[in-house]
Structures are given as C-alpha cells and as structure tokens.
Amino acid sequence: MSREEFLSEKKQLEEERERLERSRQELEELISGEKEILLKKNIPVEQMMEHLGYEKLTEEMLKKYVAWIYVYDDGWAKIKYK
C-alpha cells in the first residue's frame with residue numbers, strides 16, 4: 001500500500017468514525033428526550049424500556065400501562081395512564 005493510499009484510507013476511516021460519533025450523540029439525545037417524556041407522564045422508564053422495538057401496542061402493554069381509553073366521535077382519543 002502506498003503512502004497516498006494509506007492516507008486516503010485513514011481519512012475515510014476518520015470521517016466514518018466522526019459520522020458514527022455524531023449518530024451516537026443524536027441517539028443519546030433522543031433517548032434522553034424520550035425518558036423525559038415518559039417521566040412527565042409518570043411512567044417508569046425501566047418498564048417502558050422492556051417494550052422498545054414493538055411496532056404495535058399489545059394487550060399486555062395496555063393492561064400494564066393504560067387505565068382507560070375514550071374515543072370521541074370525531075376520532076380523537078383520550079388516554080388515562082396508570
């Protein structure tokens with residue numbers, strides 16, 4: 001490998017490392033923001049973390065976190081969390 005090839009590879013790897021570091025920081029900020037939202041809703045973060053990755057609300061989740069749901073005629077819904 002020539003010096004120029006080495007320097008080119010090194011530069012690409014450094015740029016990739018910087019991109020990944022920015023992505024990591026963005027994800028940490030997103031997670032922190034989500035934790036704040038859950039805490040404001042008085043839902044323990046540890047309990048909700050076990051359900052991350054689900055695309056739909058399961059019956060088990062409903063029973064565990066939701067007291068009741070009221071759906072209005074115009075399509076709006078009101079949810080009372082436990």
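Because the structure is predicted, anything quoted here is derived from the model rather than measured.

Criteria and thresholds
Residues numbered from 1 in each chain as written. Predicted model: local features only at pLDDT ≥ 70, side-chain atom pairs only at ≥ 80, totals over all residues. Heavy atoms only, no water. Helix = DSSP H or I, 4+ residues; strand = E, 2+ residues; numbered from the N terminus. Buried < 20%, exposed > 50% of the residue type's maximum accessible area, 1.4 Å probe, protein only. Contact = heavy atoms within 4.5 Å. Areas by Shrake-Rupley, 256 points an atom, 1.4 Å probe, with all protein chains shown as cover. Phe/Tyr/Trp six-rings, centres within 6.5 Å; stacked < 30°, edge-to-face > 60°. pLDDT = per-residue confidence, 0-100. Salt bridge = Lys/Arg side-chain N within 4 Å of Asp/Glu carboxyl O.

A. How the structure looks around the overall build of the protein chain. When you go through the protein chain residue by residue, the secondary structure sums to three helices and two strands. When the elements of the protein chain are put in sequence order from the N terminus, they spell out α-α-α-β-β. Within the protein chain, the fraction of its 82 residues that count as buried is 9%. Sequence-distant contacts in the protein chain: of pairs separated by 6 or more residues, those separated by 24 or more amount to 7%. Surface exposure of the protein chain reaches about 7700 Å², of which carbon and sulfur atoms provide 54%.

B. Broad picture of the packing of aromatic side chains. Overall, the coordinates contain one aromatic pair when judged by the stated rule. Look at Tyr 70 and Tyr 72: their rings are 4.6 Å apart centre to centre, the planes differ by 75°, and that puts the pair in the edge-to-face class. The class for Tyr 70 is partly exposed, based on a relative accessible area of 47%.

C. Highlighting the confidence of the model for the protein chain. Per-residue pLDDT for the protein chain averages 82, and the proportion of residues at 70 or more is 78%. The lowest-confidence element of the protein chain is helix H2 (residues 45–49), averaging 63 in pLDDT; the highest-confidence one is helix H1 (residues 3–40), averaging 88.

D. Summary view of the pattern of salt bridges. Using the criterion set out here, one finds four salt bridges in the structure. Among the ionic pairs, Arg 24 bridges to Glu 21, the shortest N-O distance being 2.3 Å. Here Arg 24 and its partner Glu 21 are both found in helix H1, three residues apart, which amounts to about one turn of the helix. Note that Arg 24 is salt-bridged to Glu 28, the shortest N-O span being 2.5 Å. With Arg 24 and Glu 28 both in helix H1, this residue pair falls four residues apart, about one helical turn. The class of Arg 24 is partly exposed, set by a relative accessible area of 37%. For Glu 28, a relative accessible area of 45% corresponds to the partly exposed category.

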